[in-house]
Amino acid sequence: MLLNQLQSDLKTAQLDRNEIKVSTLRLLLSEIKYAQIAKNVEELADADIISIVQREIKKRKEAIVGFRSGSREESAQKEEAEQKVLETYLPVQLTTEELTKIVEQTINEVGASSVTDMGKVIGLVMGKVKGQADGGSVSSIVKEKLAR
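In short, a report on the structure. (Residues numbered from 1 in each chain as written. Predicted model: local features only at pLDDT ≥ 70, side-chain atom pairs only at ≥ 80, totals over all residues. Heavy atoms only, no water.)

**With respect to the overall build of the protein chain**
Thought 1: Of the regular secondary structure elements, the protein chain holds seven helices and zero strands.
Thought 2: Along its sequence from the N terminus, the protein chain presents helices and strands in the succession α-α-α-α-α-α-α.
Thought 3: Summarising its shape, the C-alpha atoms of the protein chain cover approximately 55 × 45 × 25 Å along the three principal directions.
Thought 4: For the protein chain, with 148 residues in total, the buried portion stands at 36%.
Thought 5: Taking the intrachain contacts of the protein chain between residues at least 6 apart in sequence as the baseline, contacts between residues at least 24 apart amount to 60%.
Thought 6: When the accessible area of the protein chain is evaluated, it comes to approximately 9,100 Å², of which 51% is carbon and sulfur surface. (Helix = DSSP H or I, 4+ residues; strand = E, 2+ residues; numbered from the N terminus. Buried < 20%, exposed > 50% of the residue type's maximum accessible area, 1.4 Å probe, protein only. Contact = heavy atoms within 4.5 Å. Areas by Shrake-Rupley, 256 points an atom, 1.4 Å probe, with all protein chains shown as cover.)

Printed below as a string of structure tokens:
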């Protein structure tokens, strides 16, 4: 299970004195604990943990942009290092070609013909890829295909 892997990796990082990994995993485990409390469950499914990891990666990406625009390169580099740690816990990401093929199949299944069908298509694609692609990539590909 992914939670056990995270806890084990935290212990290893502590022994290795890897400060970035320790702080990142502690924060991630904290977010997982908050989600468990919010959902009132003993343990989250791996899919829920993956969505938390994706959310944390998105936060890092936004912070990197903010730090770079504020000329704070050192902080941006720290966020990038944390992002790399988090990305190791995601399933293998789909290539752009694979994702485009799934989007095209979904558009054909739904019979979508315009940008107004975008939400329906994105929802179905996100259900199919389950953590193997981020929402921004899916959204841009769907928009590109439906705008034609």
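Let's pick the thread back up.
**Some points on the side chain of E79**
Thought 1: Looking at the element boundaries, E79 is found in helix α4 (residues 73-87).
Thought 2: With a relative accessible area of 14%, E79 lands in the buried category.
Thought 3: Residue contacts for E79: discarding those within four places in its chain leaves R60, A63, I64 and F67.

**Examining the environment of Q105**
Thought 1: Note on placement: Q105 falls in helix α5 (residues 96-110).
Thought 2: Taking relative accessible area as the criterion, Q105 reaches 39% and is therefore assigned partly exposed.

**Details of the packing of helix α1 (residues 2-16) against helix α2 (residues 19-39)**
Thought 1: Here α1 crosses α2 at 150 degrees, and the two axes come no closer than 9 Å. With respect to their mutual orientation, α1 and α2 come out roughly antiparallel. The chirality of how α1 crosses α2 is left-handed. Across the interface between the two elements, L3, L6, Q7, D9, L10, A13 and Q14 from α1 touch K21, V22, L25, R26, L28, L29, I32 and Q36 from α2.
Thought 2: Classifying every residue of the contact of α1 with α2 by side-chain character gives nine nonpolar, three polar and three charged. (Axes fitted to C-alpha atoms, helices over the stretch in contact; angles between N-to-C directions. Parallel < 35°, antiparallel > 145°, perpendicular 65-115°, else oblique. Left-handed = near helix turned anticlockwise from the far one by under 90°. Nonpolar A, V, L, I, M, F, W, Y, C, P; charged D, E, K, R; others polar.)

**Re the nonpolar core**
Thought 1: Counting 21 residues, the largest nonpolar core has L6, L28, I32, I49, V53 and Y89 as the members making the most contacts within it.
Thought 2: Every element with two or more residues in this core is listed here: α1, α2, α3 (46-69) and α4.
Thought 3: Here this core gets six residues from one element, more than from any other, and that element is α2.
Thought 4: In terms of nonpolar packing, the next biggest core, distinct from the first, is built from 15 residues, L99, V138, I141 and L146 among them. (Core = buried A, V, L, I, M, F, W, Y, C linked by side-chain atoms within 4.5 Å.)

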